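A closer look at the structure
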Amino acid sequence: MSTMPPAQHDARAQLLMVLRDENSTVRLLEATLREEAEALLAGERARIEEIAGRKQHQLNHLAGLDRERRQWWATHYPMDDPYGLPRFIQADAELAAMFNDTIARTRQLQNANEANGAVIDLRLRTARDALTVLGSAVGAQQPYGPDGRQPLKLPGFSVVAR
């Protein structure tokens, strides 16, 4: 049985709910980034688009939860202490376990997102380099149009002997 006053117990329960939601969202993002990495390596454009939308939605949700957690602190402990919330969380074993797991996973997410970004950057540089080489080979002519197709202009010839 908790020795915490009911109002304080309810406030703690609210914070725990936000921390659990943050952790759950971070776990979803982990799966999304793994899926994104697979789609990037396979070059599956449509799947990458769908994943990018889902990832952005999850990131927006996570940002909202971060605001909610900070607002919780400002409402229940209106002190001008930027480290007050982390200290408060670390003083409670259950809150600390959830928060620390979320922080560790968030660091891994950042690394995974940077790795996916590196794959995209490499593909962009490779495509640009290929277009530069093609452009050099054909001179002032455009080797490919904006739609990615190559305008093929064959020299005119006649099959009828003159």
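For the structure itself, consult the block above.
What comes next is a walk through the structure. In this text the structure is predicted, and so the values were computed from the model without any measurement. (Residues numbered from 1 in each chain as written. Predicted model: local features only at pLDDT ≥ 70, side-chain atom pairs only at ≥ 80, totals over all residues. Heavy atoms only, no water.)

**Topic: the overall build of the protein**
- Scanning the protein from N- to C-terminus turns up four helices and zero strands.
- What you see in the protein, going N to C, is helices and strands ordered as α-α-α-α.
- Each of the 162 residues in the protein was classed as buried or not, and the buried ones make up 23%.
- Surface accessibility of the protein: about 11,700 Å² in total, with carbon and sulfur atoms responsible for 58%. (Helix = DSSP H or I, 4+ residues; strand = E, 2+ residues; numbered from the N terminus. Buried < 20%, exposed > 50% of the residue type's maximum accessible area, 1.4 Å probe, protein only. Areas by Shrake-Rupley, 256 points an atom, 1.4 Å probe, with all protein chains shown as cover.)

**Brief notes about the nonpolar core**
- In terms of nonpolar packing, the biggest core is built from 11 residues, these being Ala11, Leu15, Leu16, Leu19, Trp72, Trp73, Tyr77, Leu85, Ile89, Leu95 and Phe99.
- Here this core gets four residues from one element, more than from any other, and that element is helix H1 (residues 6-42).
- Discounting residues that sit within four places of it in the chain, Tyr77 has contacts with Gln8, Trp72 and Phe88. (Core = buried A, V, L, I, M, F, W, Y, C linked by side-chain atoms within 4.5 Å. Contact = heavy atoms within 4.5 Å.)

**Considerations on the side chain of Glu22**
- Take Glu22: it is sitting in helix H1.
- Looking at Glu22, the relative accessible area reads 4%, which means it is buried.
- Those residues in contact with Glu22 that lie beyond four places of it in its chain are Leu62, Leu65, Asp66, Arg69 and Thr102.

**A word on the environment of Arg54**
- Here Arg54 is to be found in helix H2 (residues 45-76).
- Between the C-alpha atom of Arg54 and that of Leu29, which follows or precedes it by 25 residues, the distance is 9.0 Å.
- Every residue in contact with Arg54, bar those within four places of it in the chain, is listed here: Thr32 and Glu35.
- A polar contact is formed between the side chain of Arg54 and the side chain of Glu50, at a distance of 2.9 Å. (Polar contact = N/O pair within 3.5 Å; in protein donor to acceptor, adjacent residues only side chain to side chain.)

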